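# Reading the structure
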Amino acid sequence: MKVEQRFGPGHRILVTGGAGFVPSHLVDSLIERGCTVVALDNFVTGSKENVAHLLDTPTFTLVEADISDGLPSHPAVAERFDAILHMASPASPTDFEKLPVEILRVGSVATLHLLERAAADGARFLLASTSEAYGDPKEHPQRETYWGNVNPIGIRSVYDEAKRFSEAATMAYRRSRGVDTAIVRIFNTYGPRMRPDDGRAIPTFISQAMRGEPITVHGTGNQTRSICYVADLVRGILLLLDSTESGPVNCGTEHEMSMRELAETIVSLCDSRSQVTFVTRSADDPEMRRPDLTLAREALGYEPTVAPEEGLRRTIEHFRKRLG
Ligand code: NAD
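Keep in mind that this is a model prediction, so the values were computed, not measured.

About the cut-offs
Residues numbered from 1 in each chain as written. Predicted model: local features only at pLDDT ≥ 70, side-chain atom pairs only at ≥ 80, totals over all residues. Heavy atoms only, no water. Helix = DSSP H or I, 4+ residues; strand = E, 2+ residues; numbered from the N terminus. Rg over C-alpha atoms; globule rule 2.2 N^0.38 Å. Buried < 20%, exposed > 50% of the residue type's maximum accessible area, 1.4 Å probe, protein only. Areas by Shrake-Rupley, 256 points an atom, 1.4 Å probe, with all protein chains shown as cover. Lys, Arg positive; Asp, Glu negative; His and termini not counted. Charge placed at Lys NZ, Arg CZ, Asp CG, Glu CD. Phe/Tyr/Trp six-rings, centres within 6.5 Å; stacked < 30°, edge-to-face > 60°. Axes fitted to C-alpha atoms, helices over the stretch in contact; angles between N-to-C directions. Parallel < 35°, antiparallel > 145°, perpendicular 65-115°, else oblique. Left-handed = near helix turned anticlockwise from the far one by under 90°. Contact = heavy atoms within 4.5 Å. Nonpolar A, V, L, I, M, F, W, Y, C, P; charged D, E, K, R; others polar. UniProt positions renumbered as here; feature names shortened; annotations may be inferred. pLDDT = per-residue confidence, 0-100. Polar contact = N/O pair within 3.5 Å; in protein donor to acceptor, adjacent residues only side chain to side chain. Pairing = 2+ DSSP bridges. Right-handed = clockwise from strand over helix to strand, strands pointing away. Core = buried A, V, L, I, M, F, W, Y, C linked by side-chain atoms within 4.5 Å.

### Here we look at the overall build of the chain
Tallying secondary structure elements over the chain gives eleven helices and 13 strands in all. Its C-alpha atoms give the chain a radius of gyration of 19 Å, within 12% of the compact-globule value 20 Å for 324 residues. With the C-alpha coordinates aligned to their principal axes, the bounding extent of the chain is approximately 55 × 45 × 40 Å. Counting the 324 residues in the chain, one finds 57% classified as buried. Of the roughly 13,500 Å² that the chain leaves accessible, carbon and sulfur atoms contribute 50%. With 36 positive and 44 negative side-chain charges, the chain shows a spacing of 1 Å between the two charge centroids.

Below is the structure:
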């Protein structure tokens, strides 16, 4: 299925969390297409640096605000939007403990504020959901039809359940208010602009390997993830945005690897002498993760193209420049 570009010059797009890792790459692509983009961020986990290169672009506006408090009164926000991409949310497991209430709010009240606005504007609304919606899955690989296995009161529940609430809210506004909605379930994504200290495996392993410190793999390291380079994910999200598909649609890659294998690959790509060590694994950490991409392929023509070694090389290069 070929998806025609639907959003381009003249279209106004709101990207919440626009100064974050994934959203800032999305903003770059939308600006390249000629869209007018308003990025809204409170910088809780993002950084102005990620969009600093766009600050003089006339079609780009950065607004500092907490979206959980509602849409801010700012001239760039007051004008009608053609699409709203709700990308804001802390997403690292370390944030689940540090920012639990903030995560619950941005995945609940903020989603409702934005859906109301999408209904008022007649805008397409795209929700960044997550493979965490599947919890510790009993089905492998995960298809969108799988309902998941989530501990509703565990340490990860603030994130998993907030995203599941956001999905429910998105579908409710679609059914009851006729909002044109889309849900993407994002699998583990990595690339330039991740924070070296953000607590997720890839930036942690790269930073440790560069400093020659032990690589701290959780548990036995046999748990698996399928890692996706950010450029592939952004292409998938834009295909979904342009389509009329509502989803949820999985987006990621099928390159499944164990955490131990990932650590060893990073050590080798960094030419590091770091040893792989094993530390206590956090509660409810999923055992395996791999998306079934059939729907993304059939409905969107999505195909990831960047092999893990290549994507990791580009990410390491970025960290080298950043960490000096
Ligand atoms: P990130 O932390 O780099 O980006 C999130 C951005 O949202 C940050 O800039 C942060 O400051 C902003 N933000 C958070 N709460 C906010 C609020 N209340 N108001 C305004 N801004 C707020 O994380 P990311 O990895 O780029 O994730 C982006 C989105 O993709 C998130 O919704 C995340 O749940 C989803 N996702 C990411 C992955 C991944 O592997 N990177 C996987 C699944 C889902």
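Moving on, there is more to tell.
### With respect to the packing of aromatic side chains
Across all of its chains, the model carries four aromatic pairs by this definition. Look at Tyr134 and Tyr146: their rings are 6.0 Å apart centre to centre, the planes differ by 25 degrees, and that puts the pair in the stacked class. Taken together, the residues Tyr134 in the loop between strand E5 (124-130) and helix H6 (157-177) and Tyr146 in the loop between E5 and H6 connect sequence positions twelve residues apart. When its relative accessible area of 14% is taken as the criterion, Tyr146 is described as buried.

### Examining the packing of helix H9 (residues 259-269) against helix H11 (residues 308-323)
In the contact formed by H9 and H11, the axes pass within 10 Å of each other and the chain directions differ by 55 degrees. Compared by their axis directions, H9 and H11 come out oblique. Handedness of the H9/H11 crossing: right-handed. Here Leu262, Thr265, Ile266 and Leu269 of H9 lie close against H11, whose contacting residues are Glu309, Leu312, Arg313 and Ile316. Its residues assigned to classes, the contact of H9 with H11 comprises five nonpolar, one polar and two charged.

### With respect to the UniProt feature "domain: NAD-dependent epimerase/dehydratase" (unreviewed entry) in the chain
Per the UniProt annotation, the sites labelled "domain: NAD-dependent epimerase/dehydratase" (unreviewed entry) are residues 13-250. For the annotated span residues 13-250, helix accounts for 37% and strand for 19% of the residues, and the straight-line distance between the end C-alpha atoms is 22 Å.

### Description of the confidence of the model for the chain
Of the residues in the chain, 100% have a pLDDT of 70 or more, and the chain-wide mean is 95. Both scores are given for the predicted complex: the pTM is 0.97, the ipTM 0.99.

### Overview of the side chain of Ser226
Among the structural elements, Ser226 can be located in strand E9 (residues 224-226). At a separation of 2.7 Å, a polar atom in the side chain of Ser226 contacts the main-chain carbonyl oxygen of Arg289. Non-local contacts of Ser226, meaning those with residues more than four positions away in its chain, are made with Phe187, Asn188, Thr253, Glu254, His255, Glu256, Arg289, Arg290 and Pro291.

### A short note on the sheet that holds strand E1 (residues 12-16)
Reading across from one edge, E3-E2-E1-E4-E5-E6-E11 is the order of the seven strands in this open sheet, with parallel pairing throughout. Because the sheet does not close on itself, it has two edges, and the strands there are strand E3 (60-64) and strand E11 (249-251). Averaged over all neighbouring strand pairs, the angle between strand axes comes to 20 degrees, with direction disregarded. Pairing of E5 with strand E6 (residues 180-186) involves seven bridges; the strand directions are parallel.

### Topic: the pairing of E1
Along E1, five of the five residues are buried, which leaves the element largely enclosed by surrounding structure. The two faces of E1 match: Arg12, Leu14 and Thr16 on one face and Ile13 and Val15 on the other face are all buried. Sheet analysis places E1 next to strand E2 (residues 36-41), joined by five bridges and oriented parallel. Pairing of Thr16 across the sheet is with Leu40, part of E2. Taken together, E1, helix H1 (residues 21-32) and E2 constitute a β-α-β crossover, and its handedness is right-handed. Examined bridge by bridge, E1 and strand E4 (residues 83-86) share four bridges and lie parallel to one another.

### Focus: the environment of Val22
When you line up the elements, Val22 lands in helix H1. Assessed through its relative accessible area of 11%, Val22 is described here as buried. Val22 sits 208 residues away from Val230 along the chain, and the two C-alpha atoms are 6.6 Å apart.

### Brief notes about the nonpolar core
With 64 residues, the main nonpolar core has Leu30, Phe60, Leu85, Met87, Ile237, Leu262 and Ile266 as its most contacted residues. The element that contributes the greatest number of residues to this core is helix H8 (residues 230-242), accounting for eight residues. Not counting the four nearest positions on each side in its chain, Leu262 is found in contact with Ile202, Phe205, Ile227, Met257 and Leu312. Listed in part, the 24 residues of the second largest apolar core include Val77, Leu115, Leu127 and Met171.

### Structural notes on the packing of helix H7 (residues 201-211) against H9
Where H7 contacts H9, the axes come no closer than 9 Å and their chain directions differ by 40 degrees. Classed by the angle they form, the pair H7 and H9 counts as oblique. In this structure, the crossing between H7 and H9 has a hand that is right-handed. Here Ala201, Ile202, Phe205, Ile206 and Ala209 of H7 come into contact with H9, specifically with Met259, Leu262, Ala263, Ile266 and Val267.

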